[in-house]
Amino acid sequence: MYQAKIMALLFVAGDQGIKEKDLAELLEIDSAALRQNIEELKIKLLTDVDSGIQLVDYNSVYKLVTKNEFNELLTKYFKAGLGSKLSQAALEVLSIIAYRQPITRIEIDEIRGVQSSGSLNTLLMRKLIKENGKKNVPGHPNIYVVTDEFFDYFGIKSLTDLPKIEKFENVSSIGDINGES
């Protein structure tokens, strides 16, 4: 029963995945029981020839991803334009990068208030953004910028063609927005 619940949760979590600690809390089981169920589910999915997904673990964050043997088929799918629509989260991340580049994942996460690595991976895979060096701060995080494919995708020639956005950081209260004091 736990394996079905794990799959359901990971499916809903999508690219973000779920941390081991959070998954154990959601399922109300201890970490050892969770790891046992995860390992059994990993084997079950890997050995099931009728399953195109596998369960992976990146730094104690679990995700459902497609099996590597389907890379060519999935590339064909995306090249056909069938998967060309970006998720709301990916569009948010892309907008932040376009307007604030160069920018790190941590800076993006701070703006959005949620973790953005899944969306970054999607945008990198679609070549709409690229890593453009490392920021000279502790940890040396990657710096992200938009690519030429970004300009092609949105039909613009430069970042100056982007719509102007109003900056609301200086608004101190709702009264200010409504013209009230």
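Small disclaimer: the values here were computed from a predicted structure and weren't measured. (Residues numbered from 1 in each chain as written. Predicted model: local features only at pLDDT ≥ 70, side-chain atom pairs only at ≥ 80, totals over all residues. Heavy atoms only, no water.)

**Some remarks on the pattern of salt bridges**
Test applied: For salt bridges, the criterion is a side-chain nitrogen of Lys or Arg within 4 Å of an Asp or Glu carboxyl oxygen. Think of it this way: any DSSP run of H or I at least four residues long counts as a helix, any run of E at least two long counts as a strand, and we number them from the N terminus.
According to the stated counting rule, one finds seven salt bridges in the structure shown. With its nearest N and O atoms 2.9 Å apart, the salt bridge here joins E92 to R112. Placement of the pair is E92 in helix α5 (residues 88–100) and R112 in helix α6 (residues 105–112), with a sequence separation of 20 residues. Overlapping salt bridges, with partners in common, bring together K21, D22 and E25 in one network.

**Remarks on the side chain of K42**
Applied cut-off: Exposure classes here rest on a 1.4 Å probe applied to the protein chains alone. A residue is buried below 20% of its type maximum, exposed above 50%, and partly exposed in between.
Inspection of the secondary structure puts K42 in helix α3 (residues 31–47). Among the residues examined, K42 registers a relative accessible area of 18% and is labelled buried.

**Thoughts on the environment of T122**
Residue placement: T122 occurs in helix α7 (residues 117–125). Remark: the alpha-carbon pair of T122 and A90, spanning 32 residues in sequence, is separated by 7.3 Å.

**A look at the nonpolar core**
The criterion, for reference: Working definition of a nonpolar core: buried Ala, Val, Leu, Ile, Met, Phe, Trp, Tyr and Cys residues. They are joined through side-chain atoms within 4.5 Å. Whether two residues are in contact is decided by their heavy atoms: any pair within 4.5 Å suffices.
Grouped together as the largest cluster of nonpolar side chains are 19 residues, with contacts concentrated most on L94, I97, L123, I129, V146 and F150. Ranked by residues supplied to this core, first place goes to α5 with six residues. Excluding its chain neighbours within four sequence positions, the residues that come into contact with I129 are L94, I97, L120, L123, L124, Y144, V145, V146 and T147. Residues I6, L27, I29 and L34 belong to the second largest nonpolar core, which totals 14 residues.

**Some remarks on the pairing of strand β3 (residues 61–66)**
How we decide: At least two bridges found by DSSP between two strands are what make those strands a pair.
Two strands pair when backbone bridges link them, and strand β1 (residues 18–19) and β3 are joined in this way by two bridges, in the antiparallel orientation. Across the sheet, the residue bridging to K19 is V61, located in β3. Bridging between strand β2 (residues 53–58) and β3 involves six bridges; their strand directions are antiparallel. Counterpart to Q54 in the pairing with β3 is V65. Adjacent in sequence and paired antiparallel, β2 and β3 are bridged by two residues, among which N59 carries a positive phi angle near 55°.

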